[in-house]
Amino acid sequence: MKKNQILHLFVISIIAIFSLQIATATLQRVSPVVNATNGFPFWYMDSDGTTLSLCSDPNDPKCIADPVIPGNAFSQQIGFGSEAFWWATDGLMDSIRADGTTGRALLVMAMEAAFLNEAPINGDQMTFGRMRMFIDVPAAGRYTITHPFGVSVFDVTAQHITDTNGIRAINSHRLVESGYNAALSTNIQLGDIGCEVAPCDFSLALNSGIGPFLKWDPAVLPAAPAGYLGDPLFDHAITGSPFNTNIFKIEGPSGVDLKVTGTPTLTLETGAVDRTATLTSGSGTSTLTFTYTVQNGDTTQDLDYTATTALTGTIADTTGLEVNPILPAPGAAGSLGANKNIIIDTAQPPVTATVTSNANTPGALKIGDSITFTLTPSQAAPAATVTGSYNGVTLTWTTNNNGNTYTATYTVAQGQPDQTTPLQITDIILTINGVPTGPITYTVQNGDTTQDLDYTTTTALAGTITDTAGNNANLNLPTPGTAGSLGANKNIIISTVPPPGQGPQLSAPTVQAQRNSATISWTTDQDSTTTVRFGRNTRFMSTRTNNALTKNHKMTLTGLFAGTKYVYTVRSCNANKICTTSALLSFTTPKTNPPGSKPWWCSFFPNLPSCK
């Protein structure tokens, strides 16, 4: 399994600027003075000099802070509940569980203010840097997680997969159970690093694995709101990794099995005529095999595909997520041409011939004496016409049974000179089996139809065709449908009858949005598939597909964030693979909890007072 996801800034605290000397630590300093109202440090500063104040207002949509706890006097005094953040970032992407269903991979990084016993009590203040991972995986093996603050390695056992079905098989809360391999990791500060006893030494949080503070990449619009490093309501590329790894990447023990729809093809650069390699095996595995048969006229000094878009067809993983079909540029690293040195040369050399006799130097010939001359062409030929002379007598060569040599016999007749003279060969014409050196084009016309395109008879090829030496080709073709024929080599169906209707007509989609999920429904006038692409912006969108054909379509999206705007499109394809896609639409998940429901963060932090 291998997936890449750009990280997005999840929560960003307010910036306060200080002029301080920068050292080499990732988190450099903490305010020596605490806020008299809430008892927490005013700020934390990283090695880049970025200084953040505590973002503790629950009513500020750019902050994450628990709401005030009714009946808790200290909570009412400080203006928030059990926790608040100076800074927080997450990375979220689809993963794969052991049963092949879609799972989740979550990376959580934060600088947090909380209380020793969860309930806000003055004197129980604690601060810590957080690095957590919760990842569903499909199989046992070694998983390497690359993140902005290092690399973490987990050895997941088969027993752990059996016990969890792969759900959160990698869990930074249970490092021993998950097989965390500190020896292979470049950063071992996983979990919550800070003070755990009262009174708190707030400087201990500087030893956590986070830092410097990540922020929205200024090269990617829009810019962060004034006074903040970003906005938690929108996904955005980030920057600031000390290792230049502003990503969340999972590398596992094996590739993701691929499911193929239809017959993908790969267009190859093979000279005057580009050829097509067709998928022949591998659907349902991690390796797809394409086959190309060399044909007459093909030539290349280094076989490669034609362009980055040479791969066509639909290839998806076992969860239905489509594979990006864009290939490396021809000749670039990772391309066919860069990985293999395949030379194709189908040009036939010119036909030459040598002639020998049954004697190295014929002696004087008398009337009735004979001498045999043998002609051997450089290419096997089924027939030959050779004109030549010896002592003024025309010689005629005839083919031997093996088709490779030709003989002519000269016999001295009455009146012919008996002296030895050189053999004179004036012309040699060999008939070599061949095929056209250029394409023969057929244009489909109205009314044409066939279930397997082929020529009509063995004599269907007409005209004059020669090889590079000017020799005429044998125009007889294999019997239609037999080995070597067009029908046997290609499965070409021609139908000029228009398909029934056009693409499916879509009704206007309806959305039933919950705080962490949404169900999208629509109808079509034809039985067709169900696909939804969605995301918090158009740059990072996920795909959910159901290939069952129906006129009533419904797709439920899970793992959404509350109070968040999502954009989406719906698509349906009929049985003839004619598809219709809607315009870009949007919906917003509710922000306010329904009565009796729990806040969205309870799925990540179930032990918080607000989640019990």
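Structure first, text after, so check above.
Here the focus is the overall build of the chain. Scanning the chain from terminus to terminus reveals five helices and 37 strands. The 612 residues of the chain split such that 42% are buried. Relative to all contacts within the chain whose residues are 6 or more apart in sequence, the contacts with residues 24 or more apart total 64%.

Mapping Ser 31 onto the fold places it in the loop between strand S3 (27–30) and strand S4 (43–46). Ignoring any residue separated from it by four or fewer positions in sequence, one finds Ser 31 in contact with Pro 41, Phe 42 and Trp 43.

What follows concerns the nonpolar core. Core analysis: the biggest nonpolar cluster contains 49 residues, and Tyr 44, Trp 87, Met 111, Ile 135 and Ile 145 have the highest contact counts within it. Of all the elements in the fold, those that place two or more residues in this core are S3, helix H1 (73–78), strand S6 (84–96), strand S7 (102–115), strand S8 (125–135), strand S9 (141–147), strand S10 (150–156) and strand S15 (247–251). A total of seven residues in this core trace back to one element, the largest contributor, which is S7. Those residues in contact with Tyr 44, other than ones at most four positions away along the chain, are Arg 29, Val 30, Thr 50, Thr 51, Leu 52, Trp 86, Met 111, Thr 127, Phe 202, Ala 205, Leu 206 and Phe 213. Listed in part, the 14 residues of the second largest apolar core include Leu 268, Leu 279, Leu 327 and Ile 344.

Right, let's get into the sheet that holds S3. Think of a sheet as strands paired side by side through backbone hydrogen bonds, with each pair either parallel or antiparallel. In space, the three strands of this open sheet follow the order S3-S4-S5, with antiparallel pairing throughout. Because the sheet does not close on itself, it has two edges, and the strands there are S3 and strand S5 (51–53). Within the sheet, the average angular offset between the axes of one strand and its neighbour, ignoring direction, is 25°. Here S3 runs beside S4; their pairing, made up of three bridges, is antiparallel. Its bridge partner lying in S4, Val 30 is registered against Tyr 44.

Right, let's talk about the state of the cysteines for a bit. Counted under the stated rule, the structure contains three disulfides. Through a disulfide, Cys 55 is tied to Cys 63; the S-S separation comes to 1.6 Å. In this structure the cystine formed by Cys 55 and Cys 63 twists about its S-S bond by roughly -55°; its chirality is therefore left-handed. Residue class for Cys 55 comes out buried when judged on its relative accessible area of 1%. There is a disulfide in this structure between Cys 195 and Cys 200, and the S-S distance comes to 1.6 Å. Handedness here is read from the sign of the S-S torsion; for Cys 195 and Cys 200, about -85°, the answer is left-handed.

Time to look at the side chain of His 236. Relative to the helices and strands, His 236 is located in the loop between strand S13 (215–216) and strand S14 (238–239). A polar side-chain atom of His 236 sits 2.8 Å from the main-chain carbonyl oxygen of Val 220. In terms of polar contacts, His 236 uses its side chain to reach the backbone carbonyl oxygen of Pro 222, at 2.9 Å.

Relative to the elements of secondary structure, Ile 578 occurs in the loop between strand S35 (565–573) and strand S36 (579–581). Put simply, Ile 578 and Gln 502 are 76 residues apart on the chain and 7.1 Å apart in space, counted from C-alpha to C-alpha.

Turning next to unusual backbone geometry. Across the junction of Ala 198 and Pro 199, the peptide omega takes the value -5°, indicating a cis bond. Relative to the helices and strands, Pro 199 is located in the loop between strand S12 (191–194) and S13. Here the bond from Leu 221 into Pro 222 is cis, since omega is 5°, no more than 30 degrees from zero. With respect to the helices, strands and loops of the structure, Pro 222 is situated in the loop between S13 and S14. Positive phi values are uncommon outside glycine, yet Glu 118 reaches one of about 75°. Along the chain, Glu 118 falls in the loop between S7 and S8. Judged by its relative accessible area of 23%, Glu 118 falls in the partly exposed class. With phi around 65°, Lys 577 is a residue other than glycine that occupies positive phi space. By relative accessible area, which is 62% here, Lys 577 ends up exposed.

Definitions and cut-offs
- Residues numbered from 1 in each chain as written.
- Predicted model: local features only at pLDDT ≥ 70, side-chain atom pairs only at ≥ 80, totals over all residues.
- Heavy atoms only, no water.
- Helix = DSSP H or I, 4+ residues; strand = E, 2+ residues; numbered from the N terminus.
- Buried < 20%, exposed > 50% of the residue type's maximum accessible area, 1.4 Å probe, protein only.
- Contact = heavy atoms within 4.5 Å.
- Core = buried A, V, L, I, M, F, W, Y, C linked by side-chain atoms within 4.5 Å.
- Pairing = 2+ DSSP bridges.
- Axes fitted to C-alpha atoms, helices over the stretch in contact; angles between N-to-C directions.
- Disulfide = S-S within 2.5 Å.
- Polar contact = N/O pair within 3.5 Å; in protein donor to acceptor, adjacent residues only side chain to side chain.

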